[in-house]
2 protein chains.
Amino acid sequence: MKAAAGLVQFSSTFHSKNHLLFFNPFSSTLSEPLKKRLYSKVSGMASSFKPEQARVPPAIELAKPPLTKYKIALCQLSVTKDKERNIAHARKAIEEAAGKGAQLVVLPEIWNSPYSNDSFPVYAEDIDAGGDASPSTGMLSEAAQRLQITIVGGSIPERYGERLYNTCCVFGKDGVLRAKHRKLHLFDIDIPGQITFKESKTLTAGENPTIVDTDVGRIGIGICYDIRFEELAMLYAARGAHLLCYPGAFNMTTGPLHWELLQRARATDNQLFVATCSPARDPRGGYVAWGHSTLVGPFGEVLATTEHDEATVIAEVDYSQVELRRTNLPLACQKRGDLYQLVDIQRLNCQ
Amino acid sequence: MKAAAGLVQFSSTFHSKNHLLFFNPFSSTLSEPLKKRLYSKVSGMASSFKPEQARVPPAIELAKPPLTKYKIALCQLSVTKDKERNIAHARKAIEEAAGKGAQLVVLPEIWNSPYSNDSFPVYAEDIDAGGDASPSTGMLSEAAQRLQITIVGGSIPERYGERLYNTCCVFGKDGVLRAKHRKLHLFDIDIPGQITFKESKTLTAGENPTIVDTDVGRIGIGICYDIRFEELAMLYAARGAHLLCYPGAFNMTTGPLHWELLQRARATDNQLFVATCSPARDPRGGYVAWGHSTLVGPFGEVLATTEHDEATVIAEVDYSQVELRRTNLPLACQKRGDLYQLVDIQRLNCQ
């Protein structure tokens, strides 16, 4: 596995210093031509509404993606207690998806291990050490390079010194690790009689949002519970994401109510693609996943989905739809920066 | 109609000055006991995540509502070109709803006039002048007082000097106008061959978010397109809303895709009640409304809804569910104020 590169990073150097920071939320760094273009889209809307200030710093203009159309595969894998089998099984699914033309393959949350606080320390791998210390990501890197595809590698338990994280690795088609997202919002939930789980018993939350330029566009990464926090999706959209990928294992209580809802809401509000990938359901498992891996378009439409059994969803992503929907409903230009602002702390600190 | 009173107002006096403002987004005005209580809910979550700073100023703690359970009525009214008929028709629906025990009655967007840019100037009323200048709100005030109920009076075209607004009036059970919300985000949409509408041709957007304490709890108001802007719902939740009311007339394109989705998303993300009220569908009308007035609970569950014909939805609001869901999923305490912040500009300026 090669060294990390290519990450659209808003360096966390400043962030970790946690210094006091004063800024003027009414200032704007938009160029005059850009301002003119922005406002010209909104007939009759006075500039006093300051739509460009609804994001601090102002949103990055959507870049032209490296390609307009491609096939995405969501591998809803069965997961067992046998790690070697899980890795071989995932490799096979990735190969089959690539064989069907997928240029981006997404895996589920915690696909190499049972989803439990007991298992996380046992199955955890030292991703940075690589080699024998991380056979799961080694396989992903090798498969990405061999098959010439981008892989959003679901997540695995990561060991980093004394700490454990729930971590998603993104590999480019050169096999290089492009980004490593550590789940930011740990799954601590208590619905008595239905579902109680505390990831924070064993895991540590990540420190950085993760957005990465790949051969299939700019991708913002979240893991499962991260999807509940609309601020993260808003922040990724403002950083110019074309697609959000959420490997996730919702459960039998929140799955039916919220899984599709949250994906469609993030896609509709931010006018971009959202892809999710869950493990297949094992009713005998300790944690029973909802399944239903899904691709949602920028108008909130479910483009492809599946039930709870093992399956690979293959569907077309067409980024021209993002531009179309943003023209139909120019939400970004209609926001009221005079009333509310979403601040991206790390990006602000890097300015 | 009596003078306005009781509005939970974060004075717009400062706001209108549009002065430069410097603030420290990392500062916190939370008391130490409140901080302790906040953090104690989140085992294992380091305080370095600063959840209380995810809202600037920090979110107001949810106040105990004046009552826990009550009946809400959503009057999905048919609307004609005959304003007198529309007013009499709405009065009758309100009376029937009150007769069935409703303590809060919600009316549709633009219930006294056809929904069209041609009609808005013709049907507009001078709400502040009252009396003969505003028969529609006169009826609402009289009905609220006589029936001893709270009314979220949908919306009507408002004339204010040279300007026209799309305005929602909220009346207390004393008949007093408690709040006046002018639609903040005008409906300018262009989906060729399906739906094109530009409210900004005739209307002016409002200047202030509107949240109001009533006998049935603290209510945040949005009108139709306002629901697309998740920031407004987030801002109301941070101001302590129990319920969001969105009178709205989605159309036959965005209705099926987005109407229920957006209501459920706002309710789920902010863990509060959301009520919507649409006009009934008139397939012969110039603007064909989707209908489907709905009450959604704080877990994103549809509690009551209807199809597109004229109907009054009556359902129970149980605010104990808000507390329950916020205990099940303590989202506010799990937010990452170290990574993102939503700034409420007006509330900040009033500090």
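Residues numbered from 1 in each chain as written. Chains lettered and ligands numbered in written order. Predicted model: local features only at pLDDT ≥ 70, side-chain atom pairs only at ≥ 80, totals over all residues. Heavy atoms only, no water.

S.K.: Just to check I follow, could you spell out the interface of chain B and chain A for this structure?
M.R.: Quite often, the size of an interface is put as the accessible area lost when its parts meet. With 70 residues of chain B in contact, the opposing surface of chain A contributes 70 residues. Together chain B and chain A conceal approximately 5,900 Å² of surface at their shared face, both sides included; 59% is due to carbon and sulfur atoms. Taken together, chain B and chain A are joined by eight salt bridges. Among the ionic pairs, B:Glu230 bridges to A:Lys335, the shortest N-O distance being 3.8 Å. Every element with two or more residues in the side of chain B that touches chain A is listed here: strand S8 (188–191), helix H6 (230–238), helix H7 (254–270), helix H8 (320–328), helix H9 (331–334), strand S17 (340–344) and helix H10 (345–349) of chain B. Ranked by residue count, the leading element in the side of chain B that touches chain A is H7(B), at 11 residues. (Contact = heavy atoms within 4.5 Å. Buried area = accessible area lost by both parts, 1.4 Å probe. Salt bridge = Lys/Arg side-chain N within 4 Å of Asp/Glu carboxyl O. Helix = DSSP H or I, 4+ residues; strand = E, 2+ residues; numbered from the N terminus.)

S.K.: Even after reading the chapter, I still don't get the relation of the copies chain B and chain A, so can you show me in this structure?
M.R.: Copy one and copy two of the chain differ by a rotation about a common axis and a shift along it. Take chain B, turn it by 180 degrees, move it 0.0 Å along the axis, and it overlays chain A with an RMSD of 0.0 Å. The operation mapping one copy onto its partner corresponds to a two-fold rotation axis. Within chain B, the C-alpha atom positioned nearest to the axis of rotation is that of B:Leu342, 2.3 Å from it. (Least-squares fit on C-alpha atoms with pLDDT ≥ 70 in both.)

S.K.: Which parts of the structure should I look at to understand the packing of helix H7 (residues 254–270) of chain A against H7(B)?
M.R.: Helix-helix packing: each pair is described by the crossing angle between the helix axes and the interaxial distance. Direction vectors running N to C along H7(A) and H7(B) enclose 105 degrees, while the axes themselves pass 9 Å from each other. The orientation of H7(A) with respect to H7(B), classified from their angle, is roughly perpendicular. Here H7(A) contributes A:Leu257, A:His258, A:Leu261, A:Leu262, A:Arg264, A:Ala265, A:Arg266, A:Thr268 and A:Asp269 to the contact with H7(B), which in turn contributes B:Leu257, B:His258, B:Leu261, B:Leu262, B:Arg264, B:Ala265, B:Arg266, B:Thr268 and B:Asp269. For the contact of H7(A) with H7(B), the class distribution of residues is eight nonpolar, four polar and six charged. (Axes fitted to C-alpha atoms, helices over the stretch in contact; angles between N-to-C directions. Parallel < 35°, antiparallel > 145°, perpendicular 65-115°, else oblique. Nonpolar A, V, L, I, M, F, W, Y, C, P; charged D, E, K, R; others polar.)

S.K.: Help me out: how do you make sense of the pairing of strand S7 (residues 177–182) of chain A in this one?
M.R.: The side chains of a regular strand alternate between both faces of the sheet. Residue and element names in this part refer to chain A. For S7, a buried count of five out of six residues is recorded, marking the element as mostly surrounded by other parts of the structure. In this structure, strand S6 (residues 163–171) lies alongside S7, joined through five bridges in antiparallel fashion. Within the sheet, the bridge partner assigned to Phe-171 lies in S7 and is Leu-177. Counted along the chain from S6 to the antiparallel partner S7, the turn is five residues long, and its residue Gly-175 has a positive phi close to 80 degrees. (Buried < 20%, exposed > 50% of the residue type's maximum accessible area, 1.4 Å probe, protein only. Pairing = 2+ DSSP bridges.)

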